[in-house]
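# A look at the structure
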Amino acid sequence: MTAPGKTFRLTIAAFLVARSLIAINGASEVDQAIGLSFEKDIAPILEAKCLGCHNPNQQEGDFSMATLEAIQTADEEYVIPGNAEESMLYWITLPLDDGEAPEMPEEGDALTEEETKALAAWIDAGAEWPGGLVLKEASKADESWWSYQPLSKPKHASLDAYIESTLKTNGLTLNPEADRRTLIRRVSLDLTGLPPTPEEVEAFVTNPDPQAYKNLVERLLASPRYGERWAQHWLDVIRWAETVGFETNFLRSNAWPYRDWVIAAFNDDKPYDQFIFEQIAGDTVGEDAALGFLVAGPANLPGQIGRDEAAMRNARQDELDEVLRTVGQGVLGITVGCARCHDHKFDPIEQSDYYSMQAIFAGLKYGDRRKRGSENDDWSARVPAAKTKRDVAKTELESLRSEHQLRKPLDTIHTETFAPIEARSIRMRIAATEFGSAASLYEFEVWSSSDNESDRFNVALASNGSQVSASSYALMNQSRHFDNLVDGTVDKRQAYPWIANETGPAWLRIEFTDATIIDQVIWHQGRSSRDLPAEYVIEVLPTDSEEWREVSHTRDRLPRTSDTRKVEDIDLPSIGLDAKKSIVEKIRALRSAERELARLSAGPQVYAASFAAEPEATYMLRRGDSMQRQDEVVPAIPAVLGQLEISDGAAEEERRLALAHHLTQPEHPLTARVIVNRVWQHHFGTGLIETSSDFGYMGSAPSHPELLDWLAGRFVADGWSLKKLHRLILASKTFVQSSIPRKEALEIDADSRLLWRYPPRRIEAETLRDSILSASGKLHFEMGGPGFDFFNQRGGLTDYVPKETFEEEGWRRMIYAHKIRMVSVDIFGAFDCPDAGQMKPKRPRSITPVQSLGLLNSPFVNRQAGFFAERLQREMGDDRGAQIDRAFAIAFSREASPAERERLSVLVDDHGLEQVCRVIFNSSEFAFLQ
Amino acid sequence: MKHFKKLGRPMLDRRSFLSGSVQGLAGIALTKLMAEERARAASPKIDAANPYAPRQPHFEAKAKNVIVVFCSGALSHVDTFDYKPELIRHHGKPMPGSEELISFQGPNGNLTQPLWKFRPRGQSGKMISDLVPHIGEMADEISFIHSLTNTSNTHGPAVNLMNTGFTFDGFPSMGAWVNFALGSENQNLPAFVAIEDPRGNPVSGPNNWANGFLPASFQGTPFSSTKPIRYLDRPAAFSSDTDQAASEALRFLDEQNAARYPGDEELAARISSYELAGRMQLSVPEAVDLDSEPGHIRKLYGADSANEDKAAFAKNCILARRLVERGVRFVQLFNGAYATMGRLNWDGHGAMKEQYDIHGEILDQPVAGLLKDLKQRGLLDETLVVFATEFGRMPMFQMGTQGRDHNPHGFTGWLAGAGVKPGVSYGRTDEFGFKAVEDVATPHDFHATILHLLGLDHERLTYYHNGIERRLTNVHGHVIRDILT
């Protein structure tokens, strides 16, 4: 690593020790006679050079150096007070005789001579260690790390001046400007992810207007295709997907509005500070879809989490961890997630910072929320009418009910009361359920009869000694077992319902320990209303008889609104068929009125963060273990970034507002630098900081630090406008220069990091697929809404079968593909398309034979090659040369050379035009931005 | 400083450290930038034109290739390899001290003895149950680890941990790490192959063979005896002449383009990747031609079985052998599909006896056949066979069922072949098989040991991602030296 970390090391150490000392009262100075203070002179050395490995968490070599006691317990010879020469801590840090590095520290820099001398003096003076002082590992970078500092003052007046100055230092110069065909192709692919049409190319190439290039950039920035391209970059960073991930990978069916929100934000040039603000606190300004950001990551479903306390707490910690990573890496470029289990090893982020930041989101929940806006307003306006319709249907049904003297429908927690009877057993015989599903109940209570309410008890409880049985239980698994009927709990996180194994009639039976006088049964709905008993009798076995006696039935009950049985399946012996028919019709009408009312009342939904008004408490967790809670923490950002302006006992919303305001301060050292660098990365292939979500110690050093600051300053001054930033970059000589390599420059800078040429690179998966469709003429420009499918299923367990052919819907731009986490897309997944498991701020650009096989042999590509050939035929007739020229103009934005024209004409003659199109889709030129 | 932050905590003295500026970086020289990037890349240098070229390990390797047999759904250790006489003695009684134990699905019932009889096997007399008698015959070749643990008791995260080193999605799989580190001995076949069970994809699906944040070149290629490599064959509508002519024209165009960019590695790599694809098209059909295997070999694996699932899994095992024989570096062989309440995999919550009898029949002879066949061909000297699952199962039945709940506290995996001590057992669970109590081993230890046998130091095999030099073993892992030769 280069200088910055090291030059400030002393400051760091002093800072850390000072910090450690706050907790210690009256820490004593060591022997003043030797002029050394343990706190100032010794502790910093140990913290910076030893504690990295010998700390209480890691205990390399099986010991920690956090306290003298720990060191001496490990081995008395490590530190022998008064005898430095014999103390291993001292001699092991000395260089070896042959000039080789000392044995310790094994990692990092050796101690300086000054430091070893100080160490010796301290040991010789008695190795006094102030009581209670516990050393902490020093992070490699401290608060003085460059990315936490304010922007540096501008040094040059233009982007090119910064680039050219660094080039000059390294004996390099910019390439000449690229030709216009190359340029329009480059800027079109870069801004919109699509190649220019031949007409656009010709218009640009022949345009004498000196403003031609500027106008071209304006046209592309104004195109809706721009947002579709650049939104993808943001979705990569935050690993957005439309399934939950993990084993079940269930569908998040309302996630797509967030994707559309991002696309619109780019197209509208929403100021970046506002873009961030809304994604943290959009609920406060009516931008609910923006909150999809916070829950972009994977999260296990409650049903997939163990019933044990540890599993439930861990799952919650994992959910919130994903949020912290999204915000930390996505917006700030800090890897705050690294401090979940211990202080960050590299950056000045303590474990307490992690949990304080987590507290900001303590109220956050994953799931659907209402999406306000014009659609919502429209729905809301329709609620009163829907309500009236529902009320009318309800009244009509009610009058039918009283006309036919039916009892009111069953409840989901239903109470049947009957004349007191002494019984030994009770049974329920279920003839049918509402939806025809297998019967299910959560709990079945049987209450003893008594005038005194406090004397009544639930006879059925297993804990009262009763025995339960049932016709069957599903899957031979306890989570559906009939024991659940009498376990005394209906808590869905802790207990399960009974579910019969098959549909159709089912029964349950409970034997009491002693004959008891009973007068009431309460049963609770099982898994869902689909399996609610709709038709049943309850019978008891009296003490005085061997015959079951009926105590309640459903023969004169009006079916529930949710009951979907057919007329002929409903047993209401007291009324005629016609009456039954009209009742069922009215029920159906009421059901659909209620459903519509519920839908309109709930409003349109988006999968986005929602928030509990009363956030749960947040604790420090020892080593990140959710079962080892320590002190409660209050919301804060990492101390290195300053502090949030929030009041004591801040409410949920206030916490996020404070964070959003903090992140969007014009002088924030990270927010602008991070986004400016991301934009640079997508224009040039690599950021000024290569590690675009990590501006910390482990991140790469900036190739042009002053340029980064200059761009960030301009960006903020320009109102956080991304389009203005694009204009600034695209207008530069650096961007418009040719990509042709020069031998001597390659020798100095093979990776073109200093930008002596425009760095060519393979295009991304989405650009490749969209370009194929564009060339074939089949690209379908429908924007927004639910995505198209790459697979036979949209979520759920594994075994996804890729679709091989598509029709118009599937010829939309790839950003509109329904995104399934952890499932690689057919053909294009091999082109480093992110799987949305981990955040991917920068895609690798691998080149593999699997890519080649997919492009050569897949039905998708070959069908599009066929369409491309048809298009050429249609547009150019049978003229071979014209067909090939047109193909080149569409695919490569240039004419074919005579040699190419000749070579490909032979291929057309022998094997057909389709083969030329197939070859073009496979060619490097088609797949590269040059 | 206290470990918690009160509101209005003291503002750090920012001026004192803000006085530093970025000036120190302003004149950063290119050489420094490059040196830094080199220093970071302790990880292998990949030749873009030939990503699968064989690469040197960190030190001399004992094993050249690896086959991982992974039992999806969590195979019960107490019913297979971990013999617990006390469990038999305490059958039907509550587990002392854990009467109220809540595990993944809820409360548990009484201790339940193994559902299959254990017998001594081989010269070592290792006690192995009748569920896996053929594997039992190979006991003297195997090094058992009885003290494996997992941090999650949920299938998905636990499977992720076993195959990628992290419970979360999106980290590179073990095979991708090995492919990245070592490349392959055979340039005409994929270096890393994932063979799915004939009954379906395993739990966590493609995350088991994903490249994560490593380049896509290193992801596993899924295919099996019943499911060919996708798009390997030219479209049926094109003759081989047509295909050939197209390939030649493509090469012509690509060379024209590359000539305009002399020295561009990526363009050269792209031409190479088409050549490699062409060679793969020629080599794969030969490698997967199981019909060429003689009858006695098919019989050894059980590929002649009337049980279709068994025969198909046996063919997958033969395929695994044929692949390592041809130099494929890493083969995953899945046994069991996804979550189906134990019907298609080892997740025996409810009806363990009935379900495991079916699964055991499919697993046992083919895996034993693979070990025997590798041995008789001398391939076991250079191939490491790994047998793993995501966690074990409880020594008791779940309350009210005939099966066992998830148990991440202790379970068995094993290694056999190159560099592994044969016929030994390492680590121990308590007397009922509930919890690992001796030489407790984590998945990271397991991975560190596998990498070690391949000549790789798990602490040096790294790749930078989002702030950290990532490793397969996270920040953990110790090589289990006691089981190495």
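Treat the numbers as computed from the prediction; the structure is a model and nothing was measured.

### Quick look at the overall build of chain B
- For chain B, the count of helices and strands is 13 helices and 19 strands.
- Relative to its length of 485 residues, chain B is compact, with a C-alpha radius of gyration of 25 Å against a globular reference of 23 Å.
- The C-alpha extent of chain B, read off along each of the three principal axes, is 80 × 75 × 40 Å.
- In chain B, buried positions account for 59% of the 485 residues.

### Some details on the confidence of the model for chain A
- Summarising the model, chain A shows a mean pLDDT of 91, and 96% of its residues fall at 70 or more.
- In this model, residues 1-33 of chain A is a region of pLDDT below 50 whose contacts with residues beyond four sequence positions or in other chains number 64 contacts.

### Let's talk about the interface of chain B and chain A
- Between chain B and chain A, the contact holds 96 residues from the first and 112 residues from the second.
- Secondary structure elements with two or more residues in the side of chain B that touches chain A: helix H1 (14-18), helix H2 (23-26), helix H3 (30-40), strand E2 (102-103), helix H6 (155-164), helix H8 (240-260) and helix H9 (265-287) of chain B.
- Ranked by the residues each element gives to the side of chain B that touches chain A, the list is headed by H8 of chain B, at eleven residues.
- When grouped by side-chain class, the residues that make up the side of chain B that touches chain A number 50 nonpolar, 33 polar and 13 charged.

### Topic: the environment of proline 95 of chain A
- Counting through the fold element by element, proline 95 of chain A comes out in the loop between helix H5 (88-91) and helix H6 (113-124).
- Among all residues touching proline 95 of chain A, those that are not within four sequence positions of it are Glu100, Ala101, Pro102 and Ala110 of chain A.

### Digging into the domain arrangement of chain B
Residues and elements named next belong to chain B.
- Under the domain assignment, chain B is made up of domain 1 (65-228 + 296-483) and domain 2 (231-287).
- Here domain 1 and domain 2 have C-alpha centroids that lie 38 Å from each other.
- Contact residues are listed per partner, giving seven residues for domain 1 and seven residues for domain 2.
- Among the residues forming the side of domain 1 that touches domain 2, the class breakdown is three nonpolar, two polar and two charged.

### Here we look at unusual backbone geometry
Residues and elements named next belong to chain A.
- Along the chain, methionine 104 connects to proline 105 via a cis peptide bond; the corresponding omega equals -5°.
- Along the chain, proline 105 turns up in the loop between H5 and H6.
- Of note, leucine 755 is a non-glycine position whose phi angle comes to about 65°, a positive value.
- With respect to the helices and strands, the residue leucine 755 is situated in the loop between helix H24 (743-748) and strand E14 (761-762).
- Classification of leucine 755 by C-beta neighbours within 10 Å gives buried; the count is 25.

### Some words on helix H7 (residues 159-169) of chain A
Residues and elements named next belong to chain A.
- Of all the positions in H7, only Leu159, Tyr162, Ile163, Thr166 and Leu167 are classed as buried. Taken down its axis, H7 places every buried residue within 130° of arc, on the same side.
- On the buried face of H7, the contacting elements are helix H21 (705-717), helix H22 (722-730) and helix H23 (733-736).
- Phi for glycine 171, located one or two positions after H7, is positive at around 70°.

### Section: H6 of chain A
All names here are of chain A.
- Under the 1.5 Å per step criterion, the end-to-end length of H6 is 16 Å for twelve residues, consistent within 8% with the ideal 16 Å.
- Elements in contact with the buried residues of H6: helix H3 (38-49) and H5.
- With its phi angle positive at about 115°, glycine 126 sits one or two positions after the end of H6.

### Things to note about the sheet that holds E2 of chain B
Residues and elements named next belong to chain B.
- With antiparallel pairing, the three strands of this open sheet are ordered in space as E2-E3-E12. A single partner strand is all that each edge strand has here, and the edge strands are E2 and strand E12 (396-398).
- Where strand E3 (residues 106-111) lies against E12, two bridges are found, and the strand directions are antiparallel. Across the sheet, leucine 111 pairs through a bridge with methionine 396, a residue of E12.

### Description of the domain arrangement of chain A
- Each assigned domain of chain A is listed here: domain 1 (4-138), domain 2 (159-190 + 207-222 + 673-748), domain 3 (271-369 + 612-663), domain 4 (411-553) and domain 5 (860-929).
- On a C-alpha basis, the centroid separation for the pair domain 2 of chain A and domain 5 of chain A is 33 Å.

### Description of the sheet that holds strand E1 (residues 65-71) of chain B
Residue and element names in this part refer to chain B.
- Strand order across the open sheet formed by eight strands is E8-E7-E9-E1-E10-E14-E6-E15, with mixed pairing between neighbours. In this open sheet, the two edge strands, each paired with only one partner strand, are strand E8 (221-222) and strand E15 (424-426).
- The pairing of E1 with strand E9 (residues 330-335) spans six bridges and is parallel. Bridged to valine 68 within E9 is glutamine 332.
- Of the strands in this sheet, E1, E9, strand E10 (383-389) and strand E14 (411-417) touch helix H12 (residues 352-376), which is tilted by about 160° from E10.

Reading guide: rules and limits
- Residues numbered from 1 in each chain as written.
- Chains lettered and ligands numbered in written order.
- Predicted model: local features only at pLDDT ≥ 70, side-chain atom pairs only at ≥ 80, totals over all residues.
- Helix = DSSP H or I, 4+ residues; strand = E, 2+ residues; numbered from the N terminus.
- Rg over C-alpha atoms; globule rule 2.2 N^0.38 Å.
- Buried ≥ 20, exposed ≤ 12 C-beta atoms within 10 Å, placed from the backbone.
- pLDDT = per-residue confidence, 0-100.
- Contact = placed C-beta atoms within 7 Å.
- Nonpolar A, V, L, I, M, F, W, Y, C, P; charged D, E, K, R; others polar.
- Domains from an automatic or database assignment.
- Arc of directions from axis to C-beta.
- Expected span 1.5 Å × (residues − 1).
- Pairing = 2+ DSSP bridges.
- Axes fitted to C-alpha atoms, helices over the stretch in contact; angles between N-to-C directions.

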